[in-house]
Amino acid sequence: MHYQTESWGSYMPTRSANMGDPLERIERLASENAVVIFSMSTCCMCHAIKRLFCGMGVNPTVHELDEDPRGKDMERALMRLLGNSSAVPVVFIGGKLVGAMDRVMASHINGSLVPLLKEAGALWL
Amino acid sequence: MASHRLGETGLSDSGPSNPHVPYAVFHGSNVPTSFINQEGSAFDFGELEEAIVLQGVKIRNDEAKAPLFTGRPAATLEMFPSWPMRFQTTPRGSSKSGGESTDSGSAVNTFSSKAEVQMESESPISKNASSSDHQAFDHQKHLQLQQQQIQQEMANDRSRTGPSQNQSAVKAPQEKRKGGGSTSEKQLDAKTLRRLAQNREAARKSRLRKKAYVQQLESSRMKLTQIEQDLQRARAQGLFLGGCGGAGGNLSSGAAIFDMEYARWLEDDHRLMAELRTGLHAHLSDGDLRLIVEGYISHYDEIFRLKGVAAKSDVFHVITGLWLTPAERCFLWIGGFRPSDLIKMLIGQLDPLTEQQLVGIYRLQQSTQQAEEALSQGQEQLQQSLIETIAAAGPVIDGMQQMAIALAKLSNLESFVRQADNLRQQTLHQLCHVLTIRQAARCFLVIGEYYGRLRALSSLWASRPRESLMSEDHHNSCQPTATDHLQIVHQSTVHNHFSTF
């Protein structure tokens with residue numbers, strides 16, 4: 001899977017390194033761990049997806065966007081990425097985008113989630 | 001009514017200038033009150049008669065005839081001892097003309113003018129009375145003035161004062177009559193007393209009747225406005241869906257539409273199951289059977305889509321399973337069946353399964369259980385958060401904010417229903433992947449029959465004999481009944497189902 005990247009050439013080139021492209025940041029954060037979940041602390045569906053992974057014995061890395069100073073930008077970027085009305089929860093496994101809750105559950109039911117997790121090193125059994 | 005009473009007594013205190021109808025004379029009885037309050041209702045000569053009896057006067061219903069006066073003592077005078085004795089010169093002519101100046105369309109007026117004539121004719125007699133009759137004379141003049149006032153009032157409100165005028169007109173001559181006798185002695189014999197009491201009773205009853213009628217009118221009016229509001233609301237929501245509208249007045253339009261669609265879906269379900277059954281028995285080719293199976297899968301996809309639409313418009317209706325039978329509702333999980341329960345039910349039914357298939361089925365069971373657990377926990381957190389928000393909605397201004405927050409949180413319910421339906425849909429699809437076409441066909445048949453029996457259980461339960469509940473030996477008596485039911489159901493089912501659940 002791959003996701004579209006936007007060109008920010010017309011945007012402020014004088015931004016500091018920290019104020020980079022939110023999508024880039026998302027990509028960077030997603031590749032730092034085997035299982036990365038972008039979530040919000042108040043979102044109940046995010047809580048459900050966290051429970052799902054924990055129930056499977058996976059230890060996901062969670063980024064709470066409402067606790068991140070650049071969370072708003074990232075939220076908007078995720079919304080554009082998914083084409084959803086809600087940005088979270090979004091799951092990356094092995095740096096690759098899996099999707100929102102419905103995609104994650106569908107892939108779990110059809111048996112494709114576990115091999116993906118094993119491949120990313122998040123599951124060992 | 002009490003206010004009228006007060007008006008009457010006030011009359012006696014305030015004197016002849018009081019514009020109220022001078023029924024003070026009838027202070028002790030309720031009759032004049034009912035007259036006043038009839039407000040255009042049919043004039044009751046009977047009540048008038050009773051009023052006149054008080055004066056000891058008999059009046060025939062024939063209005064042309066003059067009233068007969070039986071010279072009763074001033075019992076009425078006695079009732080208003082505090083009437084002022086002011087003597088007011090009122091030209092009799094004016095009072096008479098006053099009587100004639102009013103609309104003479106009613107018999108009342110004719111009567112009163114006749115009474116006035118008599119009054120006039122009597123006046124010389126009273127004038128010749130002794131000095132002790134001055135009081136009576138004064139009263140008479142008082143009454144004349146009041147009568148005039150009444151007549152003037154009649155010009156404005158004929159129906160209201162018509163009877164009153166009549167009475168006052170009648171009163172005056174009666175007063176005159178009494179002028180001839182003693183004015184201070186009460187000579188109420190038993191008959192009159194009884195008559196008086198009866199009159200009071202009759203008047204009171206008619207007052208109560210009227211009160212009850214008015215109350216009835218009021219409540220009907222309120223009901224009517226309520227119904228009109230409901231109608232308007234329902235029309236705005238387009239609730240008039242032909243035959244479906246009778247499903248209970250408190251269904252939202254989205255819910256009503258969904259219930260209708262679900263009923264249609266059930267009919268399709270029966271039809272498709274019949275197709276599956278004949279297909280299996282006819283040993284169709286796999287290709288043909290696949291078509292039927294795929295048709296059944298899209299049949300289920302359809303209901304999930306419909307539920308999604310319904311959840312957008314009325315999530316409570318979907319999530320509380322109001323569209324299901326009670327027995328189905330008993331096993332409800334986030335607005336539908338629990339996928340892992342379905343798998344558990346199917347495991348015994350799908351023999352023979354290959355090793356690989358068994359593994360696939362058990363994996364499916366495990367993943368559905370994990371997904372269910374995750375969604376359940378998420379929903380629990382939503383509920384907890386809602387509880388906190390609603391509990392915090394205390395004072396009004398903050399309260400509104402909290403309620404808005406609660407509303408926003410409630411909208412998450414819809415996403416949980418969507419995810420749960422998504423899980424169900426994925427489970428059914430995966431079943432088809434794991435099983436062969438024949439097995440899948442049989443699987444769907446089993447599922448359809450299972451839910452059919454569950455629905456039948458609801459009706460059986462609802463129609464079970466209730467005497468067993470009332471007998472003393474409850475345990476013994478209800479057991480056979482339950483077993484009977486189970487036997488009926490057992491014949492068409494595999495009893496595994498019930499032991500599992």
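Once a new chain begins, its residue numbering starts again from 1 and follows that chain's sequence as written. Working convention: letters from A go to chains and numbers from 1 go to ligands, in the order in which they are written. Two thresholds apply to this predicted model, a pLDDT of at least 70 for residue-level local features and 80 or more for giving and counting side-chain atom pairs, whereas whole-chain, interface and lining totals are computed over all residues. Side-chain calculation: all heavy atoms of the structure are included, whereas hydrogens and water are not.

Chain B goes by Transcription factor TGA9-like in an unreviewed UniProt entry, where it is assigned to Carya illinoinensis. UniProt positions are given in the numbering used here, feature names are shortened, and annotations may be inferred rather than shown by experiment. Per UniProt, chain B has the following entry under Sequence similarities (unreviewed entry): "Belongs to the bZIP family." As recorded by UniProt, the Subcellular location (unreviewed entry) comment attached to chain B reads in full: "Nucleus".

Identification of chain A as Glutaredoxin domain-containing protein from Carya illinoinensis is taken from an unreviewed UniProt entry. Database annotation for chain A, UniProt heading Subcellular location (unreviewed entry): "Cytoplasm". What UniProt records for chain A under Sequence similarities (unreviewed entry) is the sentence "Belongs to the glutaredoxin family. CC-type subfamily."

Caption draft 1: Structural view of the packing of helix α1 (residues 22–32) of chain A against helix α3 (residues 71–82) of chain A. Residue and element names in this part refer to chain A. Relative orientation of the contacting elements α1 and α3 amounts to 85°, with a least axis distance of 8 Å. By the angle between their directions, the pair α1 and α3 is classed as roughly perpendicular. When α1 is examined against α3, the residues P22, L23, R25, I26 and L29 are found in contact with a partner set consisting of D73, M74, A77, L78 and L81. To get an axis, fit a line to the C-alpha atoms, keeping to the stretch in contact for a helix; angles then go from 0 to 180 degrees between the N-to-C directions. Only DSSP runs of H or I with at least four residues qualify as helices, and only runs of E with at least two residues qualify as strands; both kinds are numbered from the N terminus onward. Oblique is the label for every angle not falling under 35 degrees (roughly parallel), over 145 degrees (roughly antiparallel), or within 65 to 115 degrees (roughly perpendicular). In this description, contact between two residues means that some pair of their heavy atoms is separated by no more than 4.5 Å.

Caption draft 2: Just the sheet that holds strand β3 (residues 90–93) of chain A, in detail. Residue and element names in this part refer to chain A. The criterion for strand pairing is that DSSP finds at least two bridges linking the strands in question. Strand order in this open sheet of four strands is β2-β1-β3-β4, and the pairing throughout is mixed. Since the sheet does not close on itself, it has two edges, and those belong to β2 (61–64) and β4 (96–99), each with one partner. On average, each strand axis in the sheet is tilted by 25° relative to the strand beside it, whichever way the strands run. Pairing of strand β1 (residues 35–39) with β3, which is carried by four bridges, proceeds in the antiparallel orientation. By the bridge assignment for β3, F38 is matched with V90. Sheet strands touched by α1: β1, β2 and β3. Its angle to β1, the strand with the most contacts, is close to 140°.

Caption draft 3: Local environment of the interface of chain A and chain B. Counting residues at the interface gives 16 residues for chain A, matched by 19 residues for chain B. Interface area, chain A with chain B, both sides summed: about 1,600 Å², of which 67% is carbon and sulfur. Summed over the three residues of chain A that lose the most area to chain B, namely C44, M105 and I109 of chain A, the buried surface amounts to 40% of that side. Put simply, a salt bridge is a Lys or Arg side-chain nitrogen that is within 4 Å of an Asp or Glu carboxyl oxygen. If you look at where chain A meets chain B, you find zero salt bridges. The term polar contact refers here to a pair of N or O atoms within 3.5 Å; inside protein, the definition further demands a hydrogen-donor-capable atom paired with an acceptor-capable atom, and it admits residues adjacent in sequence only when both atoms are side-chain atoms. Here chain A and chain B share four residue pairs in polar contact (both at pLDDT 80 or more) between them. When two parts are brought into contact, each loses some accessible area as probed by a 1.4 Å sphere; the total of that loss over both is the buried area.

Caption draft 4: Region of the structure containing the nonpolar core. Take the buried residues of types Ala, Val, Leu, Ile, Met, Phe, Trp, Tyr and Cys, join any two whose side-chain atoms come within 4.5 Å, and each joined set is a nonpolar core. We call a residue buried when its accessible area falls under 20% of the maximum for its residue type, exposed when it is over 50%, and partly exposed in between, using a 1.4 Å probe and counting protein chains only. Of all hydrophobic cores here, the largest spans 102 residues; its most connected members are F53 and L117 of chain A together with L375 of chain B. Discounting residues that sit within four places of it in the chain, F53 of chain A has contacts with V35, I37, V58, P60, V91, I93, V104, L113 and L117 of chain A.

Caption draft 5: Summary view of the side chain of H317 of chain B. All names here are of chain B. Secondary-structure assignment places H317 in helix α12 (residues 315–319). One polar contact links H317 to D259, side chain to side chain, over a distance of 2.7 Å. Those residues in contact with H317, other than ones at most four positions away along the chain, are L251, A255, F258, D259, L322 and W323.

Caption draft 6: Representation of the pattern of salt bridges in the model. All names here are of chain B. Within the structure shown, the criterion is met by 16 salt bridges over all chains. With its nearest N and O atoms 3.3 Å apart, the salt bridge here joins R221 to E218. Here E218 and R221 lie together in helix α9 (residues 190–236), a separation of three residues that amounts to about one turn. Among the salt bridges present, the one from D421 reaches K307, with a minimum N-O distance of 2.8 Å. Here D421 is found in helix α16 (residues 396–434), whereas its partner K307 is found in helix α11 (residues 286–313), with 114 residues between them in sequence. Of the two residues, D421 and K307, neither departs from the other in class, the shared state being buried. Counted as one network, the salt bridges with shared partners bring together D268, R271 and E275.

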